[in-house]
Amino acid sequence: MTPKLMTNRRSVLKGAAAGGLLAAAPLAARFASAQSSAPIKIGFQQHSTGIGAAYGRWYGRTTEAAVKMINDAGGINGRPVEIVAEDDGTDPKRGAEVLEKFANQSGCDVAFGTLFSHVVIGSAPAAGELKLPYFVVSEGHHVASGMLNRYTLQPGITDVKSQVQAMAPYVSENLGKKVTMIYPDFAFGHDHRDYFSAAIKEQGGEVLEMIAIPPTETSFTKYFPKIPRDTEVIYHVMVGPAVLTFVKELGEFFGPSRPEIFGFIDSLEAVDLASPGLEFLEGTYFWEGNPRYAQEDQTSHDKMFREAVGVDANGASVSDPKDVSTYAHMFGCWETLHVIKAGMEAAGYQGPEDRAKLIEAVEAMTDMPQSDAHPQGPKRFNGKTHQVFGVQYISKVEEGKLVKVHTTSIEDTLYPDEVDYTSMSF
Amino acid sequence: MDFGPHLLLAVLEGAVGAAVLALTALGLSLVFGVMRVVNVAHGEFFMLGAVIAWFVATSIGGHPAVGFVAALALAPLIAGLVAVLVDRLILKPVKYDPEATIVGTIGVLYILQQTALMTYGPEARPVEPPFSHRIALPWFEWGENGFAMFYPWGLSTNSYKLFVIGAAIVILLAFWLIMTRSKAGLIMRATQLDRETALAFGIPVSRVYSIVFGLGAGLAALAAVLIVPIQQAHYLMGHDPLLLSFIVVIIGGLGSIRGTVLAAVLIGMSDGIISVFLSPTLSKIIATLLVALVLVFRPQGLFGKKPA
């Protein structure tokens, strides 16, 4: 049981190895075509500790694998990529400090990797001030909503507004029209509340009751009596360490007769579906950013991605089947790094003076077909809102595994622009 | 759901919270009462109990009850031993100086927390309950046909939750008996009353301190083992119990068993009920307000003794 240590130790070793690699003449020849063969440094704001640590660990592993693949193929613009990982403690204040360190001390070209929305929101102003391109992997709507700045982009993972909105047609057609929502009482839960209730109304459904639960709550049974009896579908998005309790107690509350249940896999990322108490989830539905279990129609890209990161067909680490990944989100790191690579190549990126050019190059991107660089599925980037759009998956729990039952189109996830970052100055 | 059954459900949930809180807070109160040490790392001993319970339960296997019983015995013991080490290595060398022990235990807090993160990992992991049955609860009402009993929708509890409440009561009674009826309890009370005199009467105060610190941590760990089949073990889980324990201990009076238990029931119950019927934030506000009121009007706590 040394999951956390492994990543750190490995990245330290990798850093050391990268130094040695550059000194070794024959190997340096591989990157010789570049004008400068100094590495491109990508600051990785990692949730190594704090509430996001389970995500941080897998974001770390995915990032390492993506960088290895990029470097094996000759790096970016002929230069090797080096990751400078820094723990932000899943804390907004620390997040901003980490960005400053990247820009002023470590000499990073760009920053990347943040998941938790409060850290993104706390760090983005610093990115703007430092004029440091900041590629987040957060799925929050804050990028596309226009509350951040031109230096913050989200090209590797879709945002919650488009995810939620794309679920409403399936839920109302297949599960039921009378929905009760249970969500954590902070920004992430409020996004779900607002966007889903609007989207389900458009489908002719209605939200009967909205039950907000404080994020630090550890017992839930007392809230369940608020669920109206004529509820056809329960929509849940609980997150955090207490989520297993939530599911267990929901199961106990309903006993043998339950309504349909639809949830976001965020609730159970890094959690083994075979955990005691989760039997209750059998036959319920989940949104998945990327199917955790290898599906029958698995693409060669997903297969390659799993192998590169070290994830088995059940979405767990190949070295420890109990170590379940955050599969629905971590592809975002992989895809974002490939977008950074494509952007830097399009911009002819040489150093920090080209940061604005890099952002313009990414803003110019549009369709990104499914490929080894985009294993989750095809994407469409909106340069104005700095947000990418892509297909979403709905899976059903069958015999303790998530089986994909529906794939949305990209069109299902689109909504009108709320901002035009390209009109802002650098 | 009707108000009556909903209230019953809230009370039951509140009682589970109160039971665990009483045990945890008692540990904190005991340590402060006897040693005058404010143990900021108390919540981490709680976490340690839960994490050890997970390790024990998963490595033993077989029927969940076997692992649970083993955890019930081992987790408090190991957490207690760690606490004894902390006492010997940190608290004793700083001579139990109030400021130094606070800083020292803050350090212990981080050491324990980060060690758990490095070895156990960042996930929340469940321990299977030794038994768990859904119990539908009846409700009584004077209806048109007179007195009637029926089973309202959703009014149910879990046999394990009832066990937690029962177990906590038994442990509290046992603790009270030890403190008031046994020689060990007498020695601890003597040390609490007057350290110098106890020393003069040949009580090995330094050993008593170690044992008390271990016992306090053991109580927190025990509470955690009881709750871990309901909640999951997580490396950050010590934060809330610490905060609530402080609230309870301040309201109840540091060092008073009776006050601690009563305050735990008060806070646990009100948290369960207010957060359901009004708002969860309000229940926290009320708890904090109570602390403020107690500090202003009765600084020694409801049952604490005025300093002589």
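Because the structure is a prediction, the values reported are computed rather than measured.

Engineer: Hey, could you go over the overall build of chain A for me, with residue numbers and the actual values?
Structural biologist: Along the backbone of chain A there are 11 helices and 17 strands. Over its C-alpha atoms chain A spans a radius of gyration of 21 Å, differing by no more than 12% from the 22 Å that the globule rule assigns to 426 residues. For chain A, the spread of C-alpha atoms along the three principal axes comes to 70 × 50 × 40 Å. When each of the 426 residues of chain A is scored for burial, the buried share is 56%.

Engineer: Mind laying out the overall build of chain B, listing which residues take part and the relevant values?
Structural biologist: Counting its regular elements, chain B contains 11 helices and four strands. Here chain B has a C-alpha radius of gyration of 20 Å; the compact-globule value for 308 residues is 19 Å, and the two agree. Here the C-alpha coordinates of chain B stretch approximately 75 × 50 × 35 Å along the principal axes. Every one of the 308 residues in chain B was classed for burial, and the buried ones make up 49%. Once local pairs closer than 6 in sequence are excluded, the contacts in chain B between residues at least 24 apart make up 76%.

Engineer: Can you explain the sheet that holds strand E8 (residues 233–236) of chain A? Please cite residues and give values.
Structural biologist: Residues and elements named next belong to chain A. Reading across from one edge, E7-E6-E8-E9-E10-E16-E17 is the order of the seven strands in this open sheet, with mixed pairing throughout. In this open sheet, the two strands that pair with only one neighbour each are strand E7 (206–213) and strand E17 (401–407). The average undirected angle you get between the axes of adjacent strands in this sheet is 25°. The pairing of E8 with strand E9 (residues 260–264) spans four bridges and is classified as parallel. By the bridge assignment for E9, His-236 is matched with Gly-263. Strands strand E6 (178–184), E7 and E8 of the sheet are contacted by helix H7 (residues 187–202), whose axis makes an angle of about 165° with E6.

Engineer: Any details on the UniProt feature "transmembrane region" (unreviewed entry) in chain B? Residues and values, ideally.
Structural biologist: All names here are of chain B. When the UniProt feature table is mapped onto this chain numbering, "transmembrane region" (unreviewed entry) sits at residues 6–33, 45–62, 68–86, 159–179, 208–230, 242–267 and 273–297. The span residues 6–33 shows a helical share of 100% and a strand share of 0%, and its end C-alpha atoms are spaced 38 Å apart. End C-alpha to end C-alpha, residues 68–86 measures 26 Å, and it is 100% helix and 0% strand.

Engineer: Hey, could you go over the interface of chain A and chain B for me, with residue numbers and the actual values?
Structural biologist: Between chain A and chain B, the contact holds 32 residues from the first and 31 residues from the second. Among the secondary structure elements, those contributing two or more residues to the side of chain A that touches chain B are helix H1 (3–23), helix H3 (53–72) and helix H8 (243–254) of chain A. The dominant element in the side of chain A that touches chain B, judged by the number of residues it contributes, is H8(A), at four residues. The class makeup of the residues in the side of chain A that touches chain B is 17 nonpolar, nine polar and six charged.

Engineer: Go over the domain arrangement of chain A with me, naming the residues and quoting the values.
Structural biologist: Residues and elements named next belong to chain A. The assigned domain composition of chain A is domain 1 (3–158 + 328–390) and domain 2 (160–288 + 391–413). Here domain 1 and domain 2 have C-alpha centroids that lie 31 Å from each other. The partner domain 2 presents 15 residues to the 16 residues of domain 1 that form the contact. Breaking the side of domain 1 that touches domain 2 down by element, the ones donating at least two residues are H3, helix H10 (327–347) and strand E15 (387–390). Counted by class, the side of domain 1 that touches domain 2 contains seven nonpolar, seven polar and two charged residues.

Engineer: For helix H4 (residues 98–119) of chain B, give the residues involved together with the corresponding values.
Structural biologist: Residues and elements named next belong to chain B. Here H4 contains 22 residues, and its C-alpha end-to-end distance of 31 Å stays within 8% of the 32 Å for a straight helix at 1.5 Å per residue. All buried positions along H4 are accounted for by Thr-101, Gly-104, Thr-105, Val-108, Leu-109, Leu-112, Gln-113, Ala-116 and Leu-117. Positive backbone phi, at 100°, marks Gly-121, one or two positions downstream of H4.

Engineer: Just give me the short version of the packing of helix H1 (residues 3–35) of chain B against helix H8 (residues 205–227) of chain B, but keep the residues and values in it.
Structural biologist: Helix-helix packing is characterised by the crossing angle of the two axes and by the distance between the axes. Residues and elements named next belong to chain B. Across the interface, H1 lies against H8 with an axial gap of 8 Å and an inter-helix angle of 170°. Here H8 runs roughly antiparallel to H1, going by the angle between their axes. Residues Val-20, Leu-23, Thr-24, Leu-26, Gly-27, Leu-28, Leu-30, Val-31, Val-34 and Met-35 of H1 form the contact with H8, whose participating residues are Tyr-209, Val-212, Phe-213, Leu-215, Gly-216, Ala-217, Leu-219, Ala-220, Leu-222, Ala-223, Leu-226 and Ile-227.

Engineer: Outline the nonpolar core, supporting the account with residue identities and numerical values.
Structural biologist: Soluble globular proteins: nonpolar side chains tend toward being buried together. In this structure, B:Ala53, B:Val212, B:Ala221 and B:Ala224 are the most contacted members of the largest nonpolar core, which totals 208 residues. The dominant element in this core, judged by the number of residues it contributes, is H1(B), at 18 residues.

Engineer: Run through the packing of helix H2 (residues 42–60) of chain B against helix H9 (residues 239–252) of chain B, naming residues and quoting values.
Structural biologist: All names here are of chain B. Closest axis-to-axis distance for the H2/H9 pair is 7 Å, and the angle between their directions is 135°. As the angle between them shows, H2 and H9 are arranged oblique. Pair H2 / H9 crosses with right-handed handedness. Residues His-42, Gly-43 and Phe-46 of H2 pack against His-239, Pro-241, Leu-242 and Ser-245 of H9. Of the residues in the contact of H2 with H9, the class split is three nonpolar, four polar and no charged.

Engineer: Describe the environment of B:Trp139, listing the residues and the values that go with them.
Structural biologist: Residues and elements named next belong to chain B. In this fold, Trp-139 is placed in strand E2 (residues 139–143). Residue classification places Trp-139 among the partly exposed positions, given that 15 C-beta atoms sit within 10 Å. Expressed as a C-alpha distance, the spacing of Trp-139 and Ala-15, which sit 124 residues apart in the sequence, is 19 Å. Not counting residues within four places of it along the chain, the set of residues in contact with Trp-139 comprises Gly-4, Pro-5, Phe-150, Pro-152 and Leu-155.

Parameters at a glance
Residues numbered from 1 in each chain as written. Chains lettered and ligands numbered in written order. Predicted model: local features only at pLDDT ≥ 70, side-chain atom pairs only at ≥ 80, totals over all residues. Helix = DSSP H or I, 4+ residues; strand = E, 2+ residues; numbered from the N terminus. Rg over C-alpha atoms; globule rule 2.2 N^0.38 Å. Buried ≥ 20, exposed ≤ 12 C-beta atoms within 10 Å, placed from the backbone. Contact = placed C-beta atoms within 7 Å. Pairing = 2+ DSSP bridges. Axes fitted to C-alpha atoms, helices over the stretch in contact; angles between N-to-C directions. UniProt positions renumbered as here; feature names shortened; annotations may be inferred. Nonpolar A, V, L, I, M, F, W, Y, C, P; charged D, E, K, R; others polar. Domains from an automatic or database assignment. Expected span 1.5 Å × (residues − 1). Parallel < 35°, antiparallel > 145°, perpendicular 65-115°, else oblique. Core = buried A, V, L, I, M, F, W, Y, C linked by C-beta atoms within 7 Å. Left-handed = near helix turned anticlockwise from the far one by under 90°.

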